Amino acid sequence: MKKIGLILALAALAAVSCTSGKDAYKPGRKVGEIYVTAQSGAKTVLVSLEGLWRVIPREGWMSTDVNGREGEGAFTVYYGSNESDFVQTNATRRGALVLQNLKTMVADTLYIIQQGTPDGTEYSSAPQDSYVEFIDTPLTRVEAVYANIRGCTNLHEVAEKISGSSAQLFFLTLDEESAAQFVATYTLTWTSILRHRGLVIVNKSSLPIGATLSGDAPAHLSLELDGIAWQVAEFDAEAAALPQVMALLESGFNRPEAGAKWVIGGSFYYLSVMEAGYPATPSWYPSDPDDEVFLADIYAQTNNLTDCIWMSLRGYNPTWTLGDRSWRADYVYASNQVWNAAVDVRLLDAPVSGASHKAVRLTIKY
């Protein structure tokens, strides 16, 4: 009898699936949103309904392991990659899973939100009905600020800004004397403070800390946090940029033993090839992508580093002014794995009095 009942139930489910009139179902409500990262993956969803129910993915990038069950049961939704790179830019996408209740003839909707290129909104999961449950695995969220604060004389103001910020990591560029004074004064305030010449890393995070790296040509300082290498550097604005970026990458990112997860930022002072040709781009800015002033930026990007600022903001985004010219002197590059974990990239006004550079805030979830 149980076998006959199962056959009848499956027959009913098949019969409904073959009906051509989707209008037979009354529109229901949104029963939740599941946020997932840009990488392909899967989520298991538990549904508690009386009688037969169906699940139907409405997007080609989603699929399910079953098309329905009876009573309390689970299904797994699989979703493809939404990762971006220099060639392919994918926006955050939202796909619908329709849950049809064969007893009430009501069709509810569960949404999958998959991260793409940051768009100014930070998304999260939002369960909204008790009959749908899913395990929302907590993601690690890291917010980092790169700030050139040369010219700031009030180090107490700097410390207050850091303490009051939601960011866990600060990568600061100061003059060497101010950097030494800052570290000597506040070395016990946060989890750790690192310094090399005028570069300072303030770590407020409790994440696992790995090896650090500092060096010259150009001056740079690194911190490994939970498997991600974060690096800050400052180039000599008067020297050729290409040898400096080559030396920087060869000292860390391009070393044979280096890992795949890197964020590299700071004041590099060269011009971005990606910011040529926009309506807001000034007339003095070179328009030929083969111009040698772009060689340093092109070198970084052809070494598998993504310009986070341009990828997120596009357009012409000056961060610094010298004389009568303003351009983006500040960069944050990320390797592919880290870039595809980015959920927000913003330019901030000079964070403290006396500073002349805009700061860059990068937020990742992984």
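Residues numbered from 1 in each chain as written. Predicted model: local features only at pLDDT ≥ 70, side-chain atom pairs only at ≥ 80, totals over all residues. Heavy atoms only, no water.

1. As for the overall build of the chain
Applied cut-off: In DSSP terms, a helix is any run of H or I states spanning at least four residues, a strand is any run of E spanning at least two, and both are numbered starting from the N terminus. Relative accessibility under 20% of the residue-type maximum defines a buried residue, over 50% an exposed one, and the middle range a partly exposed one, all with a 1.4 Å probe and only protein chains included. Contact criterion: two residues are considered in contact whenever any of their non-hydrogen atoms come within 4.5 Å of each other. For every accessible area listed, the method is Shrake-Rupley and the probe measures 1.4 Å; residues are considered covered only by the protein chains on display. Counted as positive: Lys and Arg. Counted as negative: Asp and Glu, with His and the chain ends omitted from the count. Charged side chains are reduced to one point each, which is NZ for Lys, CZ for Arg, CG for Asp and CD for Glu.
Secondary structure assignment for the chain yields seven helices and 22 strands. Counting only C-alpha atoms, the chain reaches 85 × 50 × 40 Å along its principal axes. Within the chain, the fraction of its 366 residues that count as buried is 51%. Within the chain, counting contacts between residues at least 6 apart in sequence, those at least 24 apart form 67% of the total. About 16,900 Å² of surface is accessible on the chain, with carbon and sulfur atoms providing 52% of the total. Once the 28 positive and 40 negative side-chain charges of the chain are each reduced to a mean point, those two points are 12 Å apart.

2. Description of the pairing of strand 4 (residues 68–79)
Defined as follows: Pairing between two strands is assigned when DSSP locates at least 2 bridges connecting them.
One ladder, built from eleven bridges, connects strand 2 (residues 41–57) with strand 4; its direction is antiparallel. Looking at strand 4, one finds that Val-45 is bridged to Phe-75. In this structure, strand 3 (residues 62–64) lies alongside strand 4, joined through three bridges in antiparallel fashion. Of the residues in strand 4, the one forming a bridge with Met-62 is Tyr-79. Taking the residues between adjacent antiparallel strands as the criterion, strand 3 and strand 4 are bridged by three residues.

3. Remarks on the confidence of the model for the chain
The condition is simple: One confidence number per residue, pLDDT, is output by the predictor and ranges from 0 to 100.
Per-chain confidence: the chain averages 93 in pLDDT, with 94% of residues scoring 70 or above. Low pLDDT, under 50, characterises residues 1–22; the stretch is placed with 13 contacts to residues that sit more than four places away or in other chains.

4. Describing the sheet that holds strand 10 (residues 169–173)
So the rule is basically this: In this analysis an axis means a line fitted to C-alpha atoms, helices contributing only their contacting stretch, and an angle means the value between N-to-C directions, from 0 to 180 degrees.
Taken in spatial order, the six strands of this open sheet run 11-12-10-9-22-21, and their pairing is mixed. Two strands lie at the open edges of the sheet, namely strand 11 (192–196) and strand 21 (342–348), each paired on one side alone. Ignoring which end each strand starts from, the neighbouring axes of this sheet average 10° apart. Bridge count between strand 9 (residues 141–148) and strand 10: five bridges; the pairing is parallel. Counted as the bridge partner of Val-145 is Phe-170 from strand 10. Against the sheet, helix 3 (residues 176–186) makes contact with strand 10, strand 11 and strand 12 (199–203), and its axis sits at roughly 160° relative to strand 11, the strand it touches most.

5. A word on the pattern of salt bridges
The condition is simple: The term salt bridge refers to a pairing of a side-chain nitrogen on Lys or Arg with a carboxyl oxygen on Asp or Glu at a separation within 4 Å.
Inspection of every chain in the model, using the stated rule, returns 16 salt bridges. Residue Arg-197 is joined to Asp-216 by a salt bridge in which the shortest nitrogen-to-oxygen separation is 2.6 Å. Here Asp-216 lies in the loop between strand 13 (209–215) and strand 14 (219–225) and Arg-197 lies in the loop between strand 11 and strand 12, a separation of 19 residues in the sequence. The salt bridge partner of Glu-275 is Arg-328, with a shortest N-O separation of 2.6 Å. Separated by 53 residues along the polypeptide, Glu-275 in the loop between strand 16 (262–267) and helix 5 (295–302) and Arg-328 in the loop between strand 19 (325–327) and strand 20 (330–335) bring together distant segments of the chain. The pair Glu-275 / Arg-328 is uniform in exposure class, with both members buried. One network of salt bridges, with partners in common, ties together Glu-122, Arg-141, Glu-143, Asp-344, Arg-346, Arg-361 and Lys-365.

6. Structural notes on the packing of helix 2 (residues 155–164) against helix 3
For the record, the criterion: Small angles under 35 degrees read as roughly parallel and large ones over 145 as roughly antiparallel, with 65 to 115 read as roughly perpendicular and the rest as oblique. With the far helix as reference, a near helix turned anticlockwise by less than a right angle produces a left-handed crossing, and one turned clockwise produces a right-handed crossing. Put simply, Ala, Val, Leu, Ile, Met, Phe, Trp, Tyr, Cys and Pro go in the nonpolar bin, Asp, Glu, Lys and Arg in the charged bin, and everything else, Gly too, in the polar bin.
As a packed pair, helix 2 and helix 3 sit with axes 10 Å apart at the nearest point and diverge in direction by 60°. One element, helix 2, and the other, helix 3, form an angle in the oblique class. For the crossing formed where helix 2 meets helix 3, the hand is right-handed. Counting all contacts with helix 2, which are made through Leu-155, His-156, Val-158, Ala-159 and Ile-162, the residues of helix 3 involved are Ser-178, Gln-181, Phe-182 and Tyr-186. Within the contact of helix 2 with helix 3, the residues separate by chemical class into six nonpolar, three polar and no charged.

7. Digging into the sheet that holds strand 20
Here six strands make up an open sheet; going across it, the order is 13-14-15-16-20-17 and the pairing mixed. Here the strands that pair on one side only, and so sit at the sheet edges, are strand 13 and strand 17 (305–307). Each adjacent strand pair in this sheet contributes to an overall mean axis angle of 20°, direction not counted. Inspection of the sheet shows strand 14 paired to strand 15 (residues 228–234) by seven bridges, in the antiparallel sense. Within strand 15, the residue paired with Leu-221 across the bridge is Val-232. Together, strand 17 and strand 20 form the strand contacts of helix 5, whose direction differs from that of strand 20 by roughly 20°.

8. Considering the packing of aromatic side chains
Here is the rule: Between 30 and 60 degrees the pair is tilted, below 30 it is stacked and above 60 it is edge-to-face, where a pair is any two Phe, Tyr or Trp rings, Trp via its six-membered ring, whose centres lie within 6.5 Å. Whether a charge sits over a ring comes down to the Lys NZ or Arg CZ being within 6 Å of the ring centre and within 35 degrees of the ring normal.
With the rule as written, the count across this model stands at 20 aromatic pairs. Judged by centre distance (4.3 Å) and plane angle (20°), the ring pair of Phe-235 and Phe-268 falls under stacked. One end of the pair, Phe-235, is in the loop between strand 15 and helix 4 (241–251); the other, Phe-268, is in the loop between strand 16 and helix 5, with 33 residues separating them in the sequence. Just as Phe-235 is buried, Phe-268 falls in that class too. Consider the rings of Phe-268 and Tyr-270, whose centres lie 5.9 Å apart with planes at 35°: the pair is tilted. Exposure remark for Phe-268: the relative accessible area of 2% places this residue in the buried category. Relative accessible area serves as the criterion here: at 4%, Tyr-270 is assigned to the buried category. Among the aromatic residues, those joined into a cluster by ring pairs are Tyr-269, Trp-284, Tyr-285, Phe-294, Tyr-316, Trp-320 and Trp-327. Between Arg-94 and the ring centre of Tyr-111, over which it is positioned, the NZ or CZ distance is 3.7 Å. Positioned above the aromatic ring of Tyr-331 is the side chain of Arg-328, whose terminal nitrogen or guanidinium carbon lies 4.6 Å from the ring centre.

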